[in-house]
Structure formats: C-alpha cells, structure tokens
Amino acid sequence: MAFRAARTLVFTNDGADLIGFNYLQKTTFSCAPHLIDVLSRLSEWADAEAVKSAIDDDDASDALVEQLVACGVLLRQGSPEESRETAYVRDWEWALPAALLHFSVQDNPPVSVAELERLQVEKARTVPQPELVRRHEGCDDAIAFAPQSDEAALFALMARRRTHREVTAAPIAAGAVADCLYAGLGVVGHTRNEAGVLPLTMTPSGGARNPYEAYVMARRVEGLAPGLYHYSAADRSLLPVSSGADVRPSALVGDQPWMDDMACVIFLCASFGRTMWKYSDPNAYRVVLIEAGHIGQNIMLAATHHGLTACPTAALAHKAIAELCQLDDPVLDAPVYVLGLGVPAPDATSTGFEQI
C-alpha cells in the first residue's frame with residue numbers, strides 16, 4: 001500500500017495552532033508546523049514504512065498513517081480520493097482561490113429556517129443590524145426622479161414578482177414551463193468571433209460561453225409525465241433523463257419542506273469547462289455564478305407573467321443533484337441554483353428572503 005501528500009491542502013495560523021484544510025475533501029485538522037516539511041518529503045508515492053520514516057517520530061505508527069489519511073493529509077494510492085484529486089489536477093484551471101471557494105461550499109450541512117431566525121434574534125441583542133437601504137433624506141443636493149409609472153407593462157410585471165412558498169396542488173401548463181425555460185436559457189440568435197459561432201440568449205453571458213444547462217423535475221405539469229427532463233436551449237425541447245419518481249425534492253435543497261409542494265423544479269447546472277476554455281483568470285468563476293442570477297430572474301419574471309411563483313434557493317445537495325441529473329464531469333459540472341414553480345395559494349404571503 002502506497003501513500004503520498006495530498007495536493008489540495010492549505011494552511012493558516014489561528015494565533016495558537018497551525019490549521020490545515022483539504023478543500024477537495026473538506027477536512028480540517030490542527031497540526032505541528034513541521035508537518036509541512038514532512039509533506040514536502042512525501043510528494044511521491046511511498047510505502048507505510050517510508051511515511052513513518054519521513055515523519056521522524058518515535059511514536060509514528062500504522063495508526064498514525066491511517067489518521068493522516070482520514071484527515072486528508074495523505075492519499076492512499078488507488079482510493080476514490082486519489083482519483084478525484086487526479087481529475088481535479090488535470091481539469092481545473094482556475095487555480096487555488098476559485099477552487100478553495102468552489103469545493104468548500106459543496107454539500108455543506110443546511111441550517112434550518114428556524115435556526116437561522118434564532119441566530120438572528122440572538123445576534124441582534126449585541127450586534128446592531130446594518131442598514132439594508134441607504135437614504136438621501138435631508139440631502140439638499142439629491143436629484144429626485146419621478147415615480148415609475150405602474151402603467152408600463154414591464155415594470156408592472158417586475159413589481160408583481162414575489163417569492164411565495166405556499167402553493168396549491170393545481171397543475172401548471174407545460175406552455176408556462178416552456179416560457180420560463182425559454183426566458184432563462186433559450187437561444188435567440190448567434191454571433192461569431194475568432195473561435196467560431198456562439199449562441200445568444202436573453203441573459204448576458206461572459207464571452208457568450210453560456211455555461212448553464214437546465215434539468216426539469218416535472219411533478220404536476222399538464223402534458224408531461226412525472227419525471228426528470230433535460231432542456232435543450234437550442235432546440236427548445238425536453239428529453240427524459242430519468243423517472244425521478246422516488247426523489248423527494250426537499251431532500252435536494254436542504255430539507256426545505258415547501259419544495260415538495262411545487263409542481264415543477266428547475267435545476268440550473270453549470271458546465272464550468274465552457275467558460276474555463278476561454279478564460280484562465282479565476283475571476284471567471286465569479287462570472288459563472290453571477291450568470292445564474294441573470295437566468296433565475298428571467299425565469300421568475302416569466303413565471304410571474306403566467307400567474308405562478310418561482311421560488312429560488314441555493315441550499316443544495318450538490319452530489320445528489322449531480323447524480324440525479326447525470327452530470328458528466330464531477331470536477332467541472334455542478335448544480336448552482338434551483339427554482340420551484342407552482343400556483344400561489346390564495347392567501348400566500350411573500351417570504352421576504354431566499355435561503356442560501
């Protein structure tokens with residue numbers, strides 16, 4: 001059995017101890033500073049005896065080697081962790097800052113709404129809440145605009161958009177779902193640059209790379225059998241992926257129960273490789289995340305137009321969604337945003353926030 005140092009480790013000093021973090025495995029551990037020197041001597045595969053010799057400690061044992069493996073400090077040759085790291089080193093091009101953020105937030109345990117509210121109440125006792133809007137009251141040099149007319153159809157539609165998590169059991173029309181998908185991702189034209197033909201949509205995309213694919217879990221959609229579908233933005237069509245009959249939607253979004261009531265669930269999954277192919281700057285990672293907001297907003301406005309609510313969330317079970325949607329690349333493909341569609345209950349009230 002051979003071992004070597006993991007290549008996805010970062011270290012920081014918290015003022016007392018050296019803290020290590022494997023961002024691909026999401027393991028955290030405290031360690032002595034000389035561990036970094038030890039790891040520098042274990043960059044290549046070595047057997048357990050060589051590892052113990054590199055540690056140069058009379059207490060080094062097979063149990064200690066296994067402990068270092070469990071902490072993500074060492075990799076065991078042939079393990080799933082080694083395979084994943086190999087794929088990461090081969091495919092990820094946005095260096096450490098973007099990787100640290102991306103892999104650190106995958107599948108983190110969700111915090112319930114009740115717990116979030118309790119934490120806010122507790123914090124408010126000692127830490128004042130920052131102001132959520134800035135006002136110009138009392139500023140004589142402020143230039144005031146006339147109120148926007150509600151008669152403008154676009155602004156009237158935008159003003160009606162609300163997140164209503166209380167929905168009825170009524171089915172929704174397939175045409176409404178089609179419009180939501182088209183508004184968010186539909187290809188409306190093409191452009192050309194030195195690299196070739198690029199698709200254009202109704203939302204901005206960095207470099208016209210259009211990294212998002214949509215997967216639709218139809219539950220109560222007229223004309224669609226319950227199941228999971230992939231949406232082709234170019235063909236404006238749905239292709240069955242799996243039945244998804246045994247999947248509880250709330251289990252995919254942090255156990256938020258309201259998602260189980262939705263007639264339809266849309267998963268927005270990013271193919272980071274599309275954008276990475278053109279942009280080597282890690283800032284492009286941020287661009288991909290921003291694009292999910294553009295797409296989601298268009299979906300929500302189209303839903304509002306059809307009298308529906310579109311409830312977004314970023315509290316995702318990333319691995320479970322990736323498996324459900326049969327995403328191809330575990331390193332470069334990942335779910336980013338989810339929206340539930342439904343008919344608002346007559347007495348539904350806006351949540352006023354979206355859970356992350």
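All figures in this text were calculated on a predicted structure; none of them were measured in a lab.

Draft legend 1. Quick look at the packing of helix α7 (residues 153-160) against helix α10 (residues 283-305). Two elements in contact, α7 and α10, have axes whose closest approach is 9 Å; the angle formed by their N-to-C orientations is 100°. Considering their axes alone, α7 and α10 lie roughly perpendicular with respect to each other. Judged by residue contacts, L157, M158 and R160 of α7 engage L301, T304 and H305 from α10. For the contact of α7 with α10, the class distribution of residues is 3 nonpolar, 2 polar and 1 charged.

Draft legend 2. Main features of the sheet that holds strand β4 (residues 27-31). Spatial strand order, β2-β3-β4: 3 strands in an open sheet with antiparallel pairing. One side of each edge strand has no neighbouring strand; the edge strands of this open sheet are β2 (9-13) and β4. Looking at each pair of strands side by side, their axes are set apart by 25° on average, direction ignored. Summarising the sheet, β2 and strand β3 (residues 18-22) pair through 5 bridges and their orientation is antiparallel. Each bridged residue has a counterpart across the sheet, and for F11 the counterpart in β3 is G20.

Draft legend 3. Just the nonpolar core, in detail. Residues W92, W94, Y212, L268 and L341 are the most contacted members of the largest nonpolar core, which totals 51 residues. Of the residues forming this core, the biggest block, 9 residues, is contributed by α10. Apart from the residues lying within four places of it in its own chain, the contact partners of W94 are F272, T275, M276, Y279, S280, D281, P282, A284, Y285 and V288. Of all hydrophobic cores here, the second largest spans 23 residues; its members include L39, I55, V69 and L74.

Draft legend 4. Focus on the environment of R90. Topologically, R90 is positioned in helix α4 (residues 80-91). Using a relative accessible area of 58% as the deciding quantity, one classes R90 as exposed. Remark: the alpha-carbon pair of R90 and V331, spanning 241 residues in sequence, is separated by 9.6 Å. Engagement of the side chain of R90 in a polar contact is seen with the side chain of D91, the distance being 3.0 Å.

Draft legend 5. Quick look at the packing of helix α2 (residues 48-55) against helix α3 (residues 62-70). Two numbers describe how α2 lies on α3: the axes approach to 10 Å, and their chain directions differ by 90°. Between α2 and α3, the angle is such that the two are roughly perpendicular. Residue-level contacts link A48, E49, V51, K52 and I55 of α2 to D62, L64, V65 and L68 of α3. Its residues placed into classes, the contact of α2 with α3 shows 6 nonpolar, no polar and 3 charged.

Draft legend 6. Structural view of the layout of surface pockets. Space inside the second largest pocket adds up to approximately 510 Å³. Contributing to the lining of the second largest pocket are 21 residues, with R84, Q106, D107, K319 and P330 lying nearest its centre. For the lining of the second largest pocket, the elements supplying multiple residues, two or more each, are α4, α5 (95-104), α11 (318-324) and β16 (333-342). Looking at the lining of the second largest pocket, the element that brings in the most residues is α11, giving 4 residues.

Draft legend 7. Focus on the side chain of D91. Within the secondary structure, D91 sits in helix α4. Judged by its relative accessible area of 16%, D91 is buried. The contacts of D91, once residues within four sequence positions are left out, are M276, D329, V331 and L332.

Draft legend 8. Spotlight on a nonpolar patch on the surface. On the surface, L101, V105 and L289 cluster together into a nonpolar patch covering about 210 Å² of accessible area. Here L289 shows up in helix α10.

Draft legend 9. Main features of the environment of P249. Examined against the element boundaries, P249 turns out to sit in the loop between β13 (237-242) and β14 (264-271). In contact with P249, other than residues within four places in its own chain, are M217, R219, M259, D260 and V265.

Draft legend 10. Representation of α4 in the model. Here α4 is 12 residues long and its end C-alpha atoms lie 16 Å apart, about the 16 Å a rise of 1.5 Å per residue gives. Turning to α4, its buried residues number three or more, namely E82, E85, A87, Y88 and D91. Close packing links the buried residues of α4 with β1 (2-5), β6 (74-76), α5 and α9 (272-278).

Draft legend 11. Main features of the pairing of strand β10 (residues 212-218). With 7 of its 7 residues buried, β10 lies for the most part within the structure. Relative to β14, β10 is paired through 7 bridges, and the arrangement is antiparallel. By the bridge assignment for β14, A214 is matched with L268. Direction of pairing for β10 relative to strand β12 (residues 227-232): antiparallel, over a ladder of 5 bridges. Bridging from a neighbouring strand, V216 pairs with Y229 of β12.

Conventions and cut-offs
- Once a new chain begins, its residue numbering starts again from 1 and follows that chain's sequence as written.
- For this predicted model, a pLDDT threshold of at least 70 governs which residues receive local features, and a threshold of 80 or more governs which side-chain atom pairs are given and counted, while totals over whole chains, interfaces and linings are taken from all residues.
- Note: side-chain values were computed over all heavy atoms of the structure, leaving out hydrogens and water.
- Helix axes use the C-alpha atoms of the stretch in contact, all axes being lines fitted to C-alpha atoms, and the angles between their N-to-C directions lie in the range 0 to 180 degrees.
- In DSSP terms, a helix is any run of H or I states spanning at least four residues, a strand is any run of E spanning at least two, and both are numbered starting from the N terminus.
- Oblique is the label for any angle not covered by the other classes, which are roughly parallel (under 35 degrees), roughly antiparallel (over 145) and roughly perpendicular (65 to 115).
- Whether two residues are in contact is decided by their heavy atoms: any pair within 4.5 Å suffices.
- Note on residue categories: nonpolar means Ala, Val, Leu, Ile, Met, Phe, Trp, Tyr, Cys or Pro, charged means Asp, Glu, Lys or Arg, and polar means any other residue, Gly included.
- Each pair of strands is called paired provided DSSP finds at least two bridges between the two strands.
- Remark: nonpolar core denotes a set of buried residues (Ala, Val, Leu, Ile, Met, Phe, Trp, Tyr, Cys) joined through side-chain atoms within 4.5 Å.
- Remark: exposure states derive from per-residue accessible area (1.4 Å probe, protein chains only) relative to the maximum for the residue type, with buried under 20%, exposed over 50%, and partly exposed in between.
- Two N or O atoms count as a polar contact when they lie within 3.5 Å, although within protein this holds only if one can serve as hydrogen donor and the other as acceptor, and sequence-adjacent residues are included solely when both atoms are side-chain atoms.
- Here the term cavity refers to a set of points on a 1 Å grid, laid over the protein atoms alone, in which a 1.4 Å probe fits but cannot get out; the term pocket refers to an open set having protein on both sides within 12 Å along at least five of seven lines, with lining residues being those that place an atom within 4 Å of a point.
- Grid points are joined across faces, edges and corners, and a volume is the space filled by probe spheres set on the points.
- Each patch is built from residues lacking any salt bridge and having more than 30% relative accessible area; the joining distance is 9 Å for like charges and 5 Å for nonpolar side chains (Val, Leu, Ile, Met, Phe, Trp, Tyr).
- Here the accessible surface of atoms and residues is derived via Shrake-Rupley with a 1.4 Å probe, and residues count as covered only by protein chains that are part of the display.
- A carboxyl oxygen of Asp or Glu within 4 Å of a side-chain nitrogen of Lys or Arg is what we treat as a salt bridge.
- In this analysis, the expected span of each helix is defined as 1.5 Å times one less than the number of residues it contains.

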